[in-house]
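Here's the letter readout for the chains.
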Amino acid sequence: MANEGGGVVLYTAGFSPFCRRVLMALIEKGVEFEPYEMAIQTKQENRTEWYLRQLHPQGRVPVLRDHDKVVRDSIPILEYLETRFPTATKLYPKEGTDEYNKVQTIVSLIDDLFVPDAVLPITLVTFGVAKFPEYAENPKMSLQKFTDRLEVLRTKDVSILEKLAQDHEDLRADCLSKAAYLQDMANNACNRQVVQEAIDKYDWMLSEVEKIVAQNGESAWVCGDQFTVADICMASLITHLKGIGLHSRYFGGDKRPLLSKYYEQTIQRESYVSSFKHTEKHFFQDK
């Protein structure tokens, strides 16, 4: 492991595909880091004053702290790691190349769906599938836990945020914004039509990425011969879709064979295997 990463702490939540991205990148780069598993579901640790003030005003994960510097959200963190550790394994192709442009296009296709100030489709799909489990086939995660979590979000989490907004003027705007987001997300997750539309968005997006990948010919990875953040982001997403029981809807048989191939390659990498050790407790149904 590289010793240039001393003092790096990753605030993470095991079920988050965004956190998995950063875990994989840190491991790929050989950066020493301390994972701090947030007690989000049991203690609402991401709704505390210290987290909102010091780490993320919207209470999201992941957050990376590198000594005194704080970097929020997965893509800014991945970009930061690339420049912070220039001698480590490169996860972005050289800027201006066709491969670099493909990485940016694929990540944009994925993350244009992940708009921080709107209802994130992956969040909506996750809770929506838990609410309407007939969408799921062989889920690896407990959908009941997500159903329970949805109720906590719309009640306890919203109440905590509204109280923080009332008591602390400097936190007011962000807390009220997050509380409104959670209420909207919970309402949408209970709306079958909205959930179906979100599921369909992934069908479209994955098909668009498959078309881009098909242009590469016999390349080793999604965007060419280099393993990149595009592979990491796609593998993290597919793993989550498999976890909530949607994998067979998008993959298998003749459906997206190239993305399936690259996914199978990615999950053999040490970075994926090691990151899974941080998150595997979230990927098994309760017996």
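Before reading further, recall that the structure is shown in the block above.
A brief look at the structure comes next. (Residues numbered from 1 in each chain as written. Predicted model: local features only at pLDDT ≥ 70, side-chain atom pairs only at ≥ 80, totals over all residues. Heavy atoms only, no water.)

## Brief notes about the pairing of strand E1 (residues 8-12)
In terms of burial, E1 is largely enclosed, as 5 of its 5 residues are buried. Residues Val-8, Leu-10 and Thr-12 point to one face of E1 and Val-9 and Tyr-11 to the other, with burial holding for every one of them. Two elements, E1 and strand E3 (residues 63-66), share 4 bridges in a ladder whose sense is antiparallel. Each residue of the ladder has a partner; that of Leu-10, found in E3, is Leu-64. Here E1 pairs with strand E2 (residues 34-37) via 4 bridges, running parallel. Looking at the pairing, Leu-10 lines up with Pro-35 of E2. In the classification by handedness, the crossover that spans E1, the intervening helix H1 (residues 17-29) and the parallel E2 is right-handed. (Buried < 20%, exposed > 50% of the residue type's maximum accessible area, 1.4 Å probe, protein only. Helix = DSSP H or I, 4+ residues; strand = E, 2+ residues; numbered from the N terminus. Pairing = 2+ DSSP bridges. Right-handed = clockwise from strand over helix to strand, strands pointing away.)

## Topic: the environment of Leu-182
Relative to the helices and strands, Leu-182 is located in helix H8 (residues 172-189). Take Leu-182: its relative accessible area is 3%, and that puts it in the buried class. If sequence neighbours within four positions are ignored, Leu-182 has contacts with Arg-47, Leu-153, Asp-157, Val-158 and Leu-161. (Contact = heavy atoms within 4.5 Å.)

## Regarding helix H12 (residues 257-266)
Listed in full, the buried residues belonging to H12 are Leu-259, Tyr-262, Tyr-263 and Thr-266. One face of H12 carries all of its buried residues, which in axial projection span an arc of 105°. (Arc of directions from axis to C-beta.)

## Brief notes about the environment of Asn-188
By the secondary structure assignment, Asn-188 is in helix H8. The partly exposed category is assigned to Asn-188, whose relative accessible area is 24%. Spatially, the C-alpha atom of Asn-188 lies 7.1 Å from that of Leu-124, the residues being 64 residues apart in sequence.

## Quick look at the nonpolar core
Judged by nonpolar contacts, the single largest core of 86 residues is most densely connected at Leu-26, Ile-106, Leu-206, Met-234 and Leu-246. Those residues within four positions of Leu-206 in sequence are excluded, and the remaining contacts are Met-234, Leu-237, Leu-241, Tyr-250, Phe-251, Arg-256 and Leu-259. Counting 10 residues, the second-largest nonpolar core is a separate cluster that includes Val-9, Cys-19, Ile-40 and Val-63. (Core = buried A, V, L, I, M, F, W, Y, C linked by side-chain atoms within 4.5 Å.)

## Let's talk about unusual backbone geometry
At the junction of Val-61 and Pro-62, the peptide bond is cis and its omega measures out at 5° in the coordinates. The residue Pro-62 is located in the loop between helix H3 (49-54) and E3 in this model. The backbone of His-67 sits at a positive phi, close to 55°, despite the residue not being glycine. When you line up the elements, His-67 lands in the loop between E3 and strand E4 (69-72). Classification of His-67 as partly exposed rests on a relative accessible area of 47%.

## What to know about the state of the cysteines
The tally for this structure, following the rule as stated, stands at 0 disulfides. Distance from the sulfur of Cys-19, which forms no disulfide, to the nearest cysteine sulfur (Cys-233) is 13 Å. Cysteine Cys-223 is unpaired, with the sulfur of Cys-233 as its nearest cysteine sulfur at 10 Å. What makes Cys-223 buried here is its relative accessible area of 3%. (Disulfide = S-S within 2.5 Å.)

## Comments concerning the packing of helix H6 (residues 121-131) against helix H7 (residues 143-167)
With their axes 8 Å apart at the nearest point, H6 and H7 run at an angle of 110° to one another. Classified by the angle their axes make, H6 and H7 are roughly perpendicular. Both H6 and H7 take part in a crossing whose hand is left-handed. Of the residues in H7, those touching H6 at Thr-126, Phe-127, Val-129, Ala-130 and Lys-131 are Leu-143, Phe-146, Thr-147, Arg-149, Leu-150 and Leu-153. Residues belonging to the contact of H6 with H7 are distributed by class as follows: 7 nonpolar, 2 polar and 2 charged. (Axes fitted to C-alpha atoms, helices over the stretch in contact; angles between N-to-C directions. Parallel < 35°, antiparallel > 145°, perpendicular 65-115°, else oblique. Left-handed = near helix turned anticlockwise from the far one by under 90°. Nonpolar A, V, L, I, M, F, W, Y, C, P; charged D, E, K, R; others polar.)

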